[in-house]
Structures are given as structure tokens and as C-alpha cells.
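Read off the chains here:
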Amino acid sequence: MEIKKIGVIGAGQMGNGIAHVCALSGYDVKLNDVSLERIESGLATINGNLSRQVKSNRISEAERDTALGRIQIAQSLEEFEDIDLVVETAAEDEAIKRQIFDDVCKVLRPEALLGSNTSSLSITRLAAATDRPEQFIGIHFMNPVPVMELVELIRGIATSEETFEAVQTCVATMGKSIAVAEDFPAFIVNRILLPMINEAIYTLYEGVGSVKAIDKAMKLGANHPMGPLELADFIGLDTCLSIMQVLYEGLADSKYRPCPLLVKYVEAGWLGRKTQRGFYDYRGEEPVPTR
Ligand code: CAA
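Each value, and the rule that gives it
Residues numbered from 1 in each chain as written. Predicted model: local features only at pLDDT ≥ 70, side-chain atom pairs only at ≥ 80, totals over all residues. Heavy atoms only, no water. 1 Å grid on protein atoms, 1.4 Å probe; cavity = no way out; pocket = protein on both sides within 12 Å on 5 of 7 lines; lining within 4 Å. Points joined across faces, edges and corners; volume = space filled by probe spheres on them. Helix = DSSP H or I, 4+ residues; strand = E, 2+ residues; numbered from the N terminus. Nonpolar A, V, L, I, M, F, W, Y, C, P; charged D, E, K, R; others polar. Buried < 20%, exposed > 50% of the residue type's maximum accessible area, 1.4 Å probe, protein only. Polar contact = N/O pair within 3.5 Å; in protein donor to acceptor, adjacent residues only side chain to side chain. Contact = heavy atoms within 4.5 Å. Domains from an automatic or database assignment. Buried area = accessible area lost by both parts, 1.4 Å probe. Salt bridge = Lys/Arg side-chain N within 4 Å of Asp/Glu carboxyl O.

Quick word on the layout of surface pockets
Phase 1 of the analysis: Volume-wise, the second largest pocket comes out at about 150 Å³.
Phase 2 of the analysis: Lining the second largest pocket, in full, are K212, D215, K219, E230, R273, Y280, Y282 and P287.
Phase 3 of the analysis: When residues in the lining of the second largest pocket are grouped by element, the largest group, three residues, is from helix 8 (residues 211-222).
Phase 4 of the analysis: The residue inventory of the lining of the second largest pocket, partitioned by class, reads three nonpolar, no polar and five charged.

Structure follows, in C-alpha cells:
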């Protein structure tokens, strides 16, 4: 099947990035979230990021305007009746995701495909709760979506070859490179990246290094573009904790235990950049370590 219309559920940092890339690649996009304010805030971010690309001559003004024109606001999932592919980007909470798929399947055409941008949950389990497990697939983009080249594709146990091929073609059209991962907790990138971030938080918790020293060490000592604590704030500490919990429970191995300091930050509501405080405080001109 050919994909032309993409419905993105969730206008947060992943959802708005995915809508941005889809629209820029020529797809018609419908963007949905729980409130109009959230969709409008997602659209404002897309506008800002497209303008950033115009400024650095990556795209023209006309391309920006055409892309923006391809994105429609969908205040209700009822508007997804003509969608070919859904990309769900809600919070990493299985109950929320199941409810969304339940609601959207009532509206979609029978041939429409379902994709989840989950960063860790079982594709097989999410698919099994829908009316179309053969047409369900994991499509895992990386943050920031307009910049990062990789997309992980994850087949559930029932995912059909037709579904895989249609989505593979669609993602390739977006100029992304694909890595295929098997359906095990956190797939490839987060299975490797999140234990590294969790270990960096233990390194802070045990007083081996300060926030600045840990980030500097990994930036200059391992050539990472961001230090692990800066990256944790960028991903969102709630998301980091959810992924560690999925690894810990799904693989039943104590090496994945979430650091108590990560739990404490999440309990405080200090979730990183999105709440302006995490391992750094972003409220001033320069980020300042919070411990
Ligand atoms: N939209 C569009 N363009 C963007 C952008 C965005 N959201 N963010 C950055 N850019 C562009 C900038 O405009 C700039 O473009 P030019 O080179 O054309 O000028 C370029 O990207 C580089 O940006 P900056 O100069 O602002 O900053 P930088 O060089 O420090 O790069 C970064 C920023 C690309 C985010 C870099 O720090 C980086 O690669 N960080 C690591 C990101 C990472 O590891 N992501 C994966 C997280 S894990 C994940 O996503 C999976 C999960 O499920 C948790």
C-alpha cells in the first residue's frame, strides 16, 4: 500500500519533529493532541525549527511554507478517517497508548497502518490489543527528529511483510536511515544508551564526579556531542526512568536498576529541559548544574 496521509498523535518533542519531517518530505499530515493549545504549541515549534533550517540554507522559504501548509490540526481522532499511517507518540505509558489505539482504530479505514514511536514497550503486546496486529509496527525516531538520521523499525510477532515494506519505503522517503531491531525491551539504541545514562547518574549519586565533570569527561573523552546528563535532560528524565523500568522489569536483571537519584528528580517534577530543570537549571541565560 502507498502511504500519502500520515496522522501523528502527540504534538510534543517527538510528535512535532515527526510531523515536521513528514510534511517536509511531501506527506499530508494531521497533527492531534489532547488540547488545541498543545497542537498549536507543537506547530509553533515546527515553524521555529523549519525557519532554523531556512536560515542555515538547508531548505528554501517556499519549502518551509509548503511543509507548514501540509500540516492540518486534528482536534479529534474522528478526523483520521482518511489516514494511511498513524504514528503514535504519546507518553511511555502502555495504558495510555492502548487507549489511543483503541480509539483511533474505530475511525480508521481497515487498510490503514498503525505505528508506535515507543522507545521501549513491546510492539507485539501493543499490536495484540488492536484489531490489526498484522498492520502494526514500531517506528522509533531519534530526538531531535529533523536532525537525527536514524529510525529503528521493529516488527511485532504478527507484523506482515507488506506493512514492513510500506513503512520502510515511507521512512526512506523522509531521508532517514533504517536499523531493524527485534522486539525486545528498548530495542537497540535505548538498550545501549539508557544504561550508559543511568550509569552516569550513579556516577553523580556516588560522588565520583560533579555534573559538569561527568558531562565534560564524556564529551571530550569519548567524543559524544552532549554529555550524558545533558542528554538525559534533553530526552526527559521521566522518559529515561520509564525506559530503565521497562529494561529492569522486562529483562529481570539487576544491572538495569534505575538510579535512586533519577527517581528523585522525576518525583520532584524536574524532568529536564521541558520543565526547565533537571540535572541543569535552564531558567537563566546559561544552564547551571542543580547539584
Ligand atoms: N530542528 C531543526 N534543526 C535543528 C534542531 C531541530 N530541532 N536542533 C538542531 N538543529 C540544527 C541546527 O540548526 C544546526 O543546523 P546547521 O548545522 O545547519 O546550522 C544543527 O542542527 C546543529 O545544531 P546546533 O548548532 O544548535 O547544536 P549542536 O551542534 O550542539 O547539535 C544536536 C545539536 C544535534 C542536538 C547535538 O547536540 C546532538 O547530536 N546531541 C545528541 C542527540 C542524541 O543523542 N539524540 C538521541 C537521543 S535518544 C533518542 O532520541 C531515543 C529515545 O527514545 C530516548
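Examining the side chain of T130
Phase 1 of the analysis: Position of T130 relative to the elements: it lies in the loop between helix 5 (123-128) and strand 6 (136-141).
Phase 2 of the analysis: By relative accessible area, T130 is classed as buried at 12%.
Phase 3 of the analysis: A polar contact of 2.8 Å, which involves the side chain of T130, links it to the backbone oxygen of A127.
Phase 4 of the analysis: One polar contact links the side chain of T130 to the main-chain amide nitrogen of R132, over a distance of 3.2 Å.
Phase 5 of the analysis: Aside from chain neighbours lying at most four places away, what touches T130 is F101, C105, L114 and F136.

Here we look at the domain arrangement of the chain
Phase 1 of the analysis: Domain boundaries in the chain define domain 1 (5-181) and domain 2 (189-289).
Phase 2 of the analysis: Tallying the contact residues gives eleven residues for domain 1 and eight residues for domain 2.
Phase 3 of the analysis: For domain 1, the biggest contributors to the area lost against domain 2 are Q13, S119 and S120; these three give 44% of the whole.
Phase 4 of the analysis: Linking domain 1 to domain 2 there are zero salt bridges.
Phase 5 of the analysis: For the interface between domain 1 and domain 2, the tally reads four residue pairs in polar contact (both at pLDDT 80 or more).
Phase 6 of the analysis: A per-class count over the side of domain 1 that touches domain 2 returns four nonpolar, five polar and two charged.

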